[in-house]
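Residues per chain, in single letters:
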Amino acid sequence: MKTIRTELEAREVHGCVLVPTMGALHEGHAALLRQAARRAAGDRPVVATIFVNPTQFNESTDFERYPRDLDRDLAVAATAGASAVFAPDVATVYPPDAPVPVPPLPLVATQPGLEDRHRPGHFAGVAQVVARLLDLLRPSAAVFGEKDWQQLQLVRAMVRDAAAATPDRWPDLEILTGATIRESDGLAMSSRNRLLSEEARHAARGIPRALQLAHSAQHPPTAERLMRETLEAHGLEVEYAVVRDAETLLPIGDFRSPTRGLIAARVGGVRLIDNQPMTVWR
Ligand code: AMP
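What comes next concerns the included structure. (Residues numbered from 1 in each chain as written. Predicted model: local features only at pLDDT ≥ 70, side-chain atom pairs only at ≥ 80, totals over all residues. Heavy atoms only, no water.)

## What to know about the nonpolar core
Judged by nonpolar contacts, the single largest core of 44 residues is most densely connected at F86, V130, L134 and W170. Going through the elements one at a time, β4 (84-86), α7 (122-137), β5 (141-145), α8 (149-165), β7 (237-245) and β8 (259-267) are the ones with two or more residues in this core. The biggest single contributor to this core is α7, with 10 residues. In this structure, W170 is in contact with A131, L134, D135, R138, M158, V159 and A162, ignoring residues within four places of it in sequence. (Core = buried A, V, L, I, M, F, W, Y, C linked by side-chain atoms within 4.5 Å. Buried < 20%, exposed > 50% of the residue type's maximum accessible area, 1.4 Å probe, protein only. Helix = DSSP H or I, 4+ residues; strand = E, 2+ residues; numbered from the N terminus. Contact = heavy atoms within 4.5 Å.)

## So, the site of the ligand
Every one of the 16 residues lining the ligand counts as a neighbour, but H29, G145, D148, I181 and M189 are closest to it. Within the backbone of M22, an N or O atom sits 2.9 Å from an oxygen atom of the ligand. In this structure, H29 approaches the ligand through a side-chain N or O atom, which is 2.9 Å from an oxygen atom. In the complex, 92% of the free accessible area of the ligand, which totals 480 Å², lies under the protein chains. Those elements that provide at least two residues to the shell around the ligand are β2 (17-21), α2 (27-40) and β5. With 3 residues, α2 is the largest single contributor of residues to the shell around the ligand. Looking at the shell around the ligand residue by residue, the classes come out as 8 nonpolar, 6 polar and 2 charged. (Near = heavy atom within 4 Å. Polar contact = N/O pair within 3.5 Å; in protein donor to acceptor, adjacent residues only side chain to side chain. Areas by Shrake-Rupley, 256 points an atom, 1.4 Å probe, with all protein chains shown as cover. Nonpolar A, V, L, I, M, F, W, Y, C, P; charged D, E, K, R; others polar.)

## Focus: α8
Along its 17 residues, α8 runs 24 Å from first to last C-alpha, staying within 8% of the 24 Å computed at 1.5 Å per residue. Those residues of α8 that sit buried are W149, Q150, Q151, L152, Q153, L154, V155, A157, M158, V159 and A162. Looking at the packing, one finds that the buried side of α8 touches α6 (115-118), α7, β5, β6 (174-178), β8 and β9 (270-277). (Expected span 1.5 Å × (residues − 1).)

## Section: the packing of α7 against α8
Relative to each other, α7 and α8 sit at 50 degrees, their axes nearing to 11 Å. Looking at the two axes, α7 sits oblique to α8. Every pair of crossing elements has a handedness; the one defined by α7 and α8 is right-handed. Contacts between α7 and α8 involve F123, V126, A127, V130, A131 and L134 from the first element and Q150, Q151, L154, V155, M158 and V159 from the second. Tallied by class, residues from the contact of α7 with α8 come to 10 nonpolar, 2 polar and no charged. (Axes fitted to C-alpha atoms, helices over the stretch in contact; angles between N-to-C directions. Parallel < 35°, antiparallel > 145°, perpendicular 65-115°, else oblique. Left-handed = near helix turned anticlockwise from the far one by under 90°.)

## Focus: the sheet that holds β8
An order of β7-β8-β9 is seen for the 3 strands of this open sheet, with the pairing classed as antiparallel. The sheet terminates laterally at β7 and β9, the two strands that pair on one side only. Taken pair by pair, the neighbouring strands of this sheet meet at an average axis angle of 10 degrees, ignoring direction. Taken together, the 8 bridges between β8 and β9 define a ladder with antiparallel strand orientation. Bridge pairing in β9 places A265 opposite L272. Set on the sheet, helix α10 (residues 206-214) makes contact with β8 and β9; between it and β9 the angle comes to about 25 degrees. (Pairing = 2+ DSSP bridges.)

## What about the environment of L231?
Along the chain, L231 turns up in helix α11 (residues 220-233). Considering only alpha carbons, one finds L231 and K147, 84 residues apart in sequence, at a separation of 18 Å. What L231 contacts, discounting residues up to four positions off in sequence, is G206, I207, A210, L236, V238, A241 and I263.

## Some points on the sheet that holds strand β3 (residues 46-50)
Strand order in the open sheet formed by 6 strands is β1-β4-β3-β2-β5-β6, and the pairing between neighbours is parallel. Edge positions in the sheet fall to β1 (2-4) and β6, since each of these pairs with one other strand and no more. Within this sheet the neighbouring strands show an average axis-to-axis angle of 25 degrees, counted without direction. Sheet topology places β2 next to β3; 5 bridges connect them, and they run parallel. Looking at the pairing, V19 lines up with A48 of β3.

## Some points on the pattern of salt bridges
Think of it this way: side chains of opposite charge can pair up when their charged atoms draw near. Inspection of the entire model under this criterion finds 18 salt bridges. The residue R169 makes a salt bridge to D135 at a minimum N-O spacing of 2.8 Å. Residue R169 is located in the loop between α8 and β6, and its partner D135 is located in helix α7; the two are separated by 34 residues in the primary sequence. Of the residues examined, R169 reaches a relative accessible area of 29% and is grouped as partly exposed. With a closest N to O distance of 3.1 Å, D254 and R256 form a salt bridge. By sharing partners, the salt bridges in this structure join E59, E115, E239, R266 and R271 into a single network. (Salt bridge = Lys/Arg side-chain N within 4 Å of Asp/Glu carboxyl O.)

Below is the structure:
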C-alpha cells in the first residue's frame, strides 16, 4: 500500500474506488474499505483519504482535539484492502493562491434544521472538501456511510446536481453507501467515541436504545417522544431527536413512506449522532 500526498501523485489513482475519511479509523471505516475493495474487484485502486478538514469544524476545540493517529490508520487501511492512502496536507487541499469554491448547497443541506442548524457552516465545509477530493482523485466510485445520514443525502444531491450542470466534471461517478457498524451494545462506531469517559460511554448507550424503542412506533410524535424520554433518562443532552422523510429529511405526518429516526446528543462534552430507519406502516 502506498501513501500519497500531492496532487501529482493523486493522478496516479484516478478512476479509483474512494473512501473519504478524517482518520482515527475504526471498524466502520474498515467495512467501507472492504466494500470499496469488493467493488474495485482488483481492477481499480482502492483509496482511503485521511484528512481532518478544517473548514467543516464549526468549533475550533472540536478540530483541535479530533483524534489523529496516521501510523495506526495506515495499518488499518492496508488490512482492510486499501491500495493507497491519500493523506494530503492542508495546502494541497486548499492551495493558498487558488481558493477552493464551496459548491451550491442542495436543499437537504440547508432546510431540515438538523446538522445544518446545529453546526452552522459544517455542510459548506463538507461539500467543499468532498468536491475538492473528487476533483483531485477523479474516482469512478466513492463510498459514504449511513452513519452520517444527512451528509450522505447532501453528497448524493451534490453529485446529481453536478451531473446535470457540468456533466464532464465527475462523469459516471457512482455513490455507494455502507451500513452503520456498531459496538456490541449498539453504539455506532465513531472516532469521537475515543473521547468519552467511562461514565459518558455508558450514557451513550441511550442513543441506539432510543432509536430501537422508536423503531416500531405507529405515529411520528410517539416516536419522537420515546426518543427524547430515553435520551434524557440516560443523562444525554438532546440537540434533536426526530423522525423525518428519509431522503428530503423534512418533517412527515405518518410512517407510510421510508423515514429515518435521527438523533444528535451531547454527553461529557462530546457530540454524538446516529440514525436508523423507522418501520413503514401501509
Ligand atoms: P469520518 O471519518 O467520521 O468523517 O467518516 C468517514 C466515513 O465513514 C463517512 O462516510 C462516515 O459516514 C463513515 N462512517 C463513520 N462511522 C461509521 C460507522 N460506524 N459505520 C459505517 N460507516 C461509518
